[in-house]
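Letter by letter, the chains look like this.
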Amino acid sequence: MAGWMTYGNKKYAVLEPTVRQAILPLHTAVQELLPLIDADAIAFTDYMAARKLPSLTEEEKERRQAAMQEGLKTAIRVPLSIIQIANGCWPALLLVAQCGNYSCKSDVEVGAKALETGVWGAYKNVIINLSGLVDAEYKEQVQQEADEALKKAHDVCHEVLEIVERRTGDVPEVAQKRT
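Quick summary incoming for the structure in this document. (Residues numbered from 1 in each chain as written. Predicted model: local features only at pLDDT ≥ 70, side-chain atom pairs only at ≥ 80, totals over all residues. Heavy atoms only, no water.)

A short note on the pattern of salt bridges
Note the following rule: Salt bridge criterion: a side-chain nitrogen from Lys or Arg within 4 Å of a carboxyl oxygen from Asp or Glu. To qualify as a helix, a DSSP run of H or I must reach at least 4 residues; to qualify as a strand, a run of E must reach at least 2; elements of each kind are numbered from the N terminus. Think of it in three bands: residues with accessible area under 20% of the maximum for their type are buried, residues over 50% are exposed, and the middle band is partly exposed, with areas taken using a 1.4 Å probe on protein chains only.
On inspection of all chains with the given rule, the structure shows six salt bridges. A salt bridge links Glu-58 to Lys-61; the nearest nitrogen and oxygen atoms lie 3.8 Å apart. Residue Glu-58 and its partner Lys-61 are located together in helix H3 (residues 58-87), separated by three residues, close to a single helical turn. The exposure class of Lys-61 is partly exposed, given its relative accessible area of 39%. A salt bridge links Lys-73 to Asp-135, with the shortest nitrogen-to-oxygen separation between them at 4.0 Å. Here Asp-135 lies in the loop between helix H5 (105-130) and helix H6 (136-166) and Lys-73 lies in helix H3, a separation of 62 residues in the sequence. Residue class for Asp-135 comes out partly exposed when judged on its relative accessible area of 34%.

Encoded structure:
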């Protein structure tokens, strides 16, 4: 919203090319994330279906275990994708924080916290599903990737909030220097 409230505003005309750089990646991320929200809700069903497979013979137990493990990996891949796409939004959000319409200051702050919370929520889905995996190497790799992604979201969210807090006026100093 802050990007759109800046784009086309005469007061920010000098920053229009910069703000345009932020709008497209954020819009693209939204389009990529929307279907993943539904996919995340569905992803766990493979695991649940595998739990219902017969397990009377050793062969059935092995087939059931393999299906459950694959179901958990699917339930991990979807929120991991959500984390990656969401974390890809930070550069654009930093740009909006630096030069977006000052009247939208709280929208940028809320957007940053919402993005961080979205990453945290997906992270929690990854972690809970990791607990049921047997493959220790895969578990460790995904755990490390998820931990780093969560830290990035936390750190960059804090950076966005600090940038917005330091802003003192409607037209950023950067724009005033360009005119």
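A look at the nonpolar core
Note the cut-off: Here, the term nonpolar core denotes a set of buried Ala, Val, Leu, Ile, Met, Phe, Trp, Tyr and Cys residues that are joined through side-chain atoms within 4.5 Å. Here, two residues are considered to be in contact whenever any of their heavy atoms come within 4.5 Å of each other.
In this structure, Ile-76, Ile-83, Trp-90, Val-126 and Val-160 are the most contacted members of the largest nonpolar core, which totals 43 residues. The dominant element in this core, judged by the number of residues it contributes, is H6, at 10 residues. If we ignore the near neighbours within four places in the chain, the residues touching Ile-76 are Val-126, Asn-129, Leu-130, Leu-133, Tyr-138 and Val-142.

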